[in-house]
Amino acid sequence: MSPQLIDLLITSLLETLLMVGVSGGIAVLVGVPLGVTLIVTARGAMLQNLGVNAVLGLVVNATRSVPFVILMVAIIPFTRWVAQTSIGTTAAIVPLSVAAIPFMARIAENAMREVDPGLITAARAMGASPLQIIRKVLLPEALPGLVAGTIVTLVSLIGYSAMAGAIGGGGLGDLGIRYGYQRFLPEVMLAVVVVLIVLVQAVQSLGDWVVRRMSHR
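Residues numbered from 1 in each chain as written. Predicted model: local features only at pLDDT ≥ 70, side-chain atom pairs only at ≥ 80, totals over all residues. Heavy atoms only, no water.

- With an unreviewed UniProt entry as reference, the protein is termed ABC transporter inner membrane protein, source organism Bordetella ansorpii.
- Under the UniProt heading Subcellular location (unreviewed entry), the note attached to the protein is "Cell membrane".
- Taken verbatim from the UniProt record of the protein, the Sequence similarities (unreviewed entry) comment is "Belongs to the binding-protein-dependent transport system permease family. CysTW subfamily." (UniProt positions renumbered as here; feature names shortened; annotations may be inferred.)

Rendered as structure tokens:
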């Protein structure tokens, strides 16, 4: 590849990292509390509220059921309202976040569902409030699962970010489509695929290492 294409590859990689990093952070900040709400409002839980649980569950399931490409197009007006544009890296963060939040919420819910109910019962018997149980029992005990789930979410976002290139979202997907496909440069497409594979492998390996360290503790 020419030096110009190498520069474009580096720039596209940085754009992908920005999209994945920001949308992944938003997914954790919003998705984990949403998962907590789902778990504590379920039937028989400490803050049982079947109405809230049903509505949140419906929203989460509905959002997760929409293919990402369709979701990107469907929320273009919302994206334009939030990012003041519907194309580019900044705009792509909006649908990526919308797709990742319910995904992370379900992962967080499942991670906390694996926490030993006896620990929660013991904490309640000692007079702990629901907030204290969430902060000192649920979240700490579910932390390895939450970290593992975050890694799964980030890996999924890398794939979604490549799809975002189909509508001018920037990043490696955009580079592969514009140069590798539309300009018939197979070496660019190959380079994009290799970089994506290496990126996914690096994120997954780092996440596995962190989870192992936390599990040993």
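1. Examining the packing of helix H1 (residues 3-40) against helix H5 (residues 89-113)
For step 1, the next point in the chain: Relative orientation of the contacting elements H1 and H5 amounts to 40°, with a least axis distance of 6 Å. When the axis of H1 is compared with that of H5, the two are oblique. As H1 runs across H5, the sense of the crossing is right-handed.
For step 2, the next point in the chain: The class makeup of the residues in the contact of H1 with H5 is 21 nonpolar, five polar and four charged. (Axes fitted to C-alpha atoms, helices over the stretch in contact; angles between N-to-C directions. Helix = DSSP H or I, 4+ residues; strand = E, 2+ residues; numbered from the N terminus. Parallel < 35°, antiparallel > 145°, perpendicular 65-115°, else oblique. Left-handed = near helix turned anticlockwise from the far one by under 90°. Nonpolar A, V, L, I, M, F, W, Y, C, P; charged D, E, K, R; others polar.)

2. Overview of the UniProt feature "transmembrane region" (unreviewed entry) in the protein
For step 1, the next point in the chain: Sites flagged by UniProt as "transmembrane region" (unreviewed entry) map to residues 20-42, 54-76, 82-103, 142-168 and 188-211.
For step 2, the next point in the chain: Helix makes up 87% of residues 54-76 and strand 0%, and the two end C-alpha atoms of the span are 27 Å apart.
For step 3, the next point in the chain: Along residues 188-211, the helical share is 100% and the strand share 0%, with 35 Å between the first and last C-alpha atoms.

3. Re the nonpolar core
For step 1, the next point in the chain: The biggest cluster of nonpolar side chains holds 47 residues, and the ones touching the most others in it are Leu 9, Val 40, Met 112, Leu 138 and Val 192.
For step 2, the next point in the chain: For this core, the secondary structure elements donating two or more residues are H1, helix H3 (68-74), H5, helix H6 (117-125), helix H7 (130-164), helix H8 (171-181) and helix H9 (186-216).
For step 3, the next point in the chain: Per element, the largest residue contribution to this core is 11 residues, and it comes from H7.
For step 4, the next point in the chain: Leu 34, Leu 38, Val 60 and Ala 105 belong to the second-largest nonpolar core, a separate cluster that totals five residues. (Core = buried A, V, L, I, M, F, W, Y, C linked by side-chain atoms within 4.5 Å. Buried < 20%, exposed > 50% of the residue type's maximum accessible area, 1.4 Å probe, protein only.)

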